[in-house]
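Coordinates in review
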Amino acid sequence: MSSSFMERALRKKPLGNFATKSSADGTELKRSITLFQLTMFGVGATIGTGIFFVLAEQVPTAGPAVMFSFLIAGIAAGLTALCYAEMASMIPVSGSSYSYAYATLGEGVAFLVAACLIMEYGVSAGAVAVGWSEYLHNLILTTTGLELPRALLHAPLVAEGYSLHFGGDGWINLPAAILVFMCCFLLTRGSRESARANAIMVIIKLGVLTLFIAIALSAFNSENFTPFAPHGFAGVSAAAGSIFFTFVGLDAVSTAGEEVKDPRRNLPRAIILALIIVISFYLLVALAALGAQPQGMFEGQEAGLAVILQNVTGSAIPSVILSAGAVISVFSVTLVVLYGQTRVLFAMSRDGMLPPIFSRVNPHTLTPTANTIIVSCIVASIAAFLPADVLWDLTSMGTLTAFTVVSIGVIILRYRQPDAPRGFKVPFFPLLPILSILSCLYLISSLSLIVYKLTAIWAVIAATIYFLYSSRNSALERGDQGEAA
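Just so we're clear, the structure is a prediction, and the values are computed from it rather than from any experiment.

Across its full length, the protein holds 19 helices and two strands. Sequence separation of 24 or more characterises 82% of the internal contacts of the protein that already satisfy a separation of 6 or more.

Here you go:
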């Protein structure tokens, strides 16, 4: 590796360029999102990515102690949220962790972080689509009595240790793939949700979950919590690592940096408020579900929350309401996550790190059409053929890596540019950023072996792309964005 390549990998994008780039190239976005709307965006992009179906995956791993798994993941997310709040108040632009890493750790690290973001958003969209498929099937079955063939509802691949091989229950998860292409159609048409519509969707989600909590608690049985931790702390830790993917919405808040009113004030507040709301609902839903159903019934249970309501009430009506709410809310999450994915690729392409096709905008719809179609085809394939448990863990790996880099960036900028304007400062510096880093690394260590293998393959692919293309074609290399810091 030559020194010139090392210089490219370590060069940093000056903070001033983040503030001026958009207006200079004619792609400045309108700042119209309020604090309430942005908070609802964070809640909406987070709730729905897991709580509707994650218990079926993690209760068998941790038992009722999954409550502590949620709490551990929430504490780690809370520490990181404070770091996100400071970085977002300093660099209120699109690109999220990628942009923060570009300013603090250098171009090469920024590209690898972007690769993690791409994995995080892309795989989480696939994971959410798989969960949507379960609730859609439950809704159809409950309302019409029609049961779809299992071959069209499950992935053909299964994961065991380091291997990923055929042997699943189905041929293709067709509804999951269809959902992705429906979202693709809306995005390419330019029909994405407004902030107001998203806030309405969030209220529907919270209302449906409140209904579940109220009904499930009426059948609360404390005996369901025994044994509390059948697999010990190892099970709690493993579940916490997988559950962390449900906090992907915190990163999504920062991707709206260029469209927020008074971003230095509203970005950090929205991130923290969204985190408080999300953790509260996660814990209440988990408590109610575990109290209403023996832990042995969770394993392999599809559309679990809806099934619990049907068993508790003996009526299909509450189950239908919850399934319908899940279908609507998870659809919106998939749309937002796919949008965030295309925005990360758009920002990278604008910086010259990816080919121009990813930042090419359709003059009629004003959307990156080719970018969206490429992303949707890949995500649809992931949702259709990969098992859900691998998707959860891969999303967690991408999220945790991005969160770790943001926490490191806060420390670096505090020492390198202590006088830069900040709308929010992480308290108890540097203790909290260090704790954030350690908690993320701890959760990464608990992920399954197949995730490390797939992540390593993805990292090698990303590094190869950077070495052969991005380092030679970035805007800093061409001198389009001034001198590197």
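Let's pick the thread back up.
This next bit is on the packing of helix α8 (residues 174–189) against helix α15 (residues 369–385). Two quantities define a packed helix pair, namely the angle between the axes and the distance from one axis to the other. Closest axis-to-axis distance for the α8/α15 pair is 8 Å, and the angle between their directions is 170°. Here α15 runs roughly antiparallel to α8, going by the angle between their axes. Here α8 contributes A176, A177, V180, F181, C184, L187 and T188 to the contact with α15, which in turn contributes T369, T372, I373, S376, C377, V379, A380, A383 and A384. In terms of residue class, the contact of α8 with α15 is built from 12 nonpolar, four polar and no charged.

Let us now look at the packing of aromatic side chains. Tallying each qualifying case throughout the model produces eight aromatic pairs. Ring geometry for Y84 against Y100: centres 6.2 Å apart, planes inclined by 70°, an arrangement best described as edge-to-face. Of the two residues, Y84 sits in helix α5 (residues 66–90) while Y100 sits in helix α6 (residues 97–104), which places them 16 residues apart along the sequence. Classification of Y84 as buried rests on a relative accessible area of 1%. Judged by its relative accessible area of 1%, Y100 is buried. Taken together, a centroid distance of 5.1 Å and an interplanar angle of 70° make the contact between Y84 and F403 edge-to-face.

This part takes up the nonpolar core. Grouped together as the largest cluster of nonpolar side chains are 140 residues, with contacts concentrated most on F52, F212 and L305. Of all the elements, helix α7 (residues 107–144) adds the most residues to this core, at 17 residues. Apart from residues no more than four positions distant in its own chain, F52 is found in contact with Y135, V208, L209, G304, L305, L322, A326, S329 and V330.

Within the element layout of this structure, M119 appears in helix α7. Residues M119 and L394, spaced 275 residues apart in sequence, show a C-alpha to C-alpha distance of 7.4 Å. Look past the residues within four positions of M119 in its chain and what remains in contact with it is S124, L394, M397, G398, T455 and W458.

Next up on the list: the confidence of the model for the protein. Model confidence for the protein is summarised by a mean pLDDT of 80, while 84% of its residues fall at 70 or above. Between the elements of the protein, mean pLDDT differs from a low of 53, seen in helix α2 (residues 15–25), to a high of 89, seen in helix α17 (residues 431–445). Residue range residues 20–29 is modelled with pLDDT below 50. Its contacts to residues more than four positions away, or to other chains, number 12 contacts.

Our next topic: the side chain of Q341. The residue Q341 is located in helix α14 (residues 316–350) in this model. The class of Q341 is buried, set by a relative accessible area of 3%.

To continue, consider unusual backbone geometry. That bond from T226 to P227 is cis: its omega, -5°, falls within 30 degrees of zero. Examined against the element boundaries, P227 turns out to sit in the loop between α9 (195–217) and α10 (232–243). Looking along the chain, the bond that leaves F429 and enters P430 is cis, with omega of 0°. Within the fold, P430 resides in the loop between α16 (388–416) and α17. Although it is not a glycine, F428 adopts a positive phi angle of roughly 55°. For F428, the position within the fold is in the loop between α16 and α17.

This part covers the packing of α14 against α15. In contact at an axis separation of 10 Å, α14 and α15 are set at 125° when each is read in the N-to-C sense. Between α14 and α15, the crossing angle belongs to the class labelled oblique. Crossing angle aside, the handedness with which α14 passes α15 is right-handed. Residues L338, Q341, T342, L345 and F346 of α14 form the contact with α15, whose participating residues are N371, T372, V375 and V379. Taken together, the residues of the contact of α14 with α15 sort by class into five nonpolar, four polar and no charged.

Attention now moves to α8. For α8, which comprises 16 residues, the first-to-last C-alpha distance of 23 Å matches the rise-based estimate of 22 Å (1.5 Å per residue) to within 8%. Taken together, the buried positions of α8 are P175, A176, A177, L179, V180, C183, C184, L187 and T188. Looking at the packing, one finds that the buried side of α8 touches α7, α14 and α15.

This next bit is on a nonpolar patch on the surface. Taken together, the side chains of F428, L431, I434, L435, L438 and L441 present a nonpolar region at the surface, about 590 Å² in accessible area. In this fold, L438 is placed in helix α17. A relative accessible area of 49% places L438 in the partly exposed class.

Glancing now at the pattern of salt bridges. Scanning the model with the defined rule gives four salt bridges in all. The shortest N-O distance in the salt bridge between R414 and E86 comes to 2.9 Å. Residue R414 is located in helix α16, and its partner E86 is located in helix α5; the two are separated by 328 residues in the primary sequence. Judged by its relative accessible area of 15%, R414 is buried. On the basis of relative accessibility, which here comes to 0%, the residue E86 falls in the buried class. A salt bridge links R422 to E86; the shortest N-O distance between them is 3.1 Å. Pair noted here: R422 is in the loop between α16 and α17 and E86 is in helix α5, with a separation of 336 residues, a long-range link.

Moving on, we come to helix α3 (residues 35–46). Between its terminal C-alpha atoms α3 stretches 17 Å, which fits the 16 Å expected from 12 residues at 1.5 Å a residue. Counting buried positions over the 12 residues of α3 gives 11, a clear majority of the element. Along α3, the residues classified as buried are L35, Q37, L38, T39, M40, F41, G42, V43, G44, A45 and T46.

Another point: the environment of Y469. Relative to the helices and strands, Y469 resides in helix α18 (residues 449–473). Note on Y469: relative accessible area 27%, which makes it partly exposed. Here the alpha-carbon distance between Y469 and P355, two residues 114 residues apart in the chain, equals 8.7 Å. Once residues lying within four places of it in the same chain are set aside, the contact partners of Y469 are G352, M353, L354, P355 and P356.

Conventions and cut-offs
- Residues numbered from 1 in each chain as written.
- Predicted model: local features only at pLDDT ≥ 70, side-chain atom pairs only at ≥ 80, totals over all residues.
- Heavy atoms only, no water.
- Helix = DSSP H or I, 4+ residues; strand = E, 2+ residues; numbered from the N terminus.
- Contact = heavy atoms within 4.5 Å.
- Axes fitted to C-alpha atoms, helices over the stretch in contact; angles between N-to-C directions.
- Parallel < 35°, antiparallel > 145°, perpendicular 65-115°, else oblique.
- Nonpolar A, V, L, I, M, F, W, Y, C, P; charged D, E, K, R; others polar.
- Phe/Tyr/Trp six-rings, centres within 6.5 Å; stacked < 30°, edge-to-face > 60°.
- Buried < 20%, exposed > 50% of the residue type's maximum accessible area, 1.4 Å probe, protein only.
- Core = buried A, V, L, I, M, F, W, Y, C linked by side-chain atoms within 4.5 Å.
- pLDDT = per-residue confidence, 0-100.
- Left-handed = near helix turned anticlockwise from the far one by under 90°.
- Expected span 1.5 Å × (residues − 1).
- Patch = residues over 30% accessible without salt bridge, like charges linked within 9 Å, V, L, I, M, F, W, Y side chains within 5 Å.
- Areas by Shrake-Rupley, 256 points an atom, 1.4 Å probe, with all protein chains shown as cover.
- Salt bridge = Lys/Arg side-chain N within 4 Å of Asp/Glu carboxyl O.

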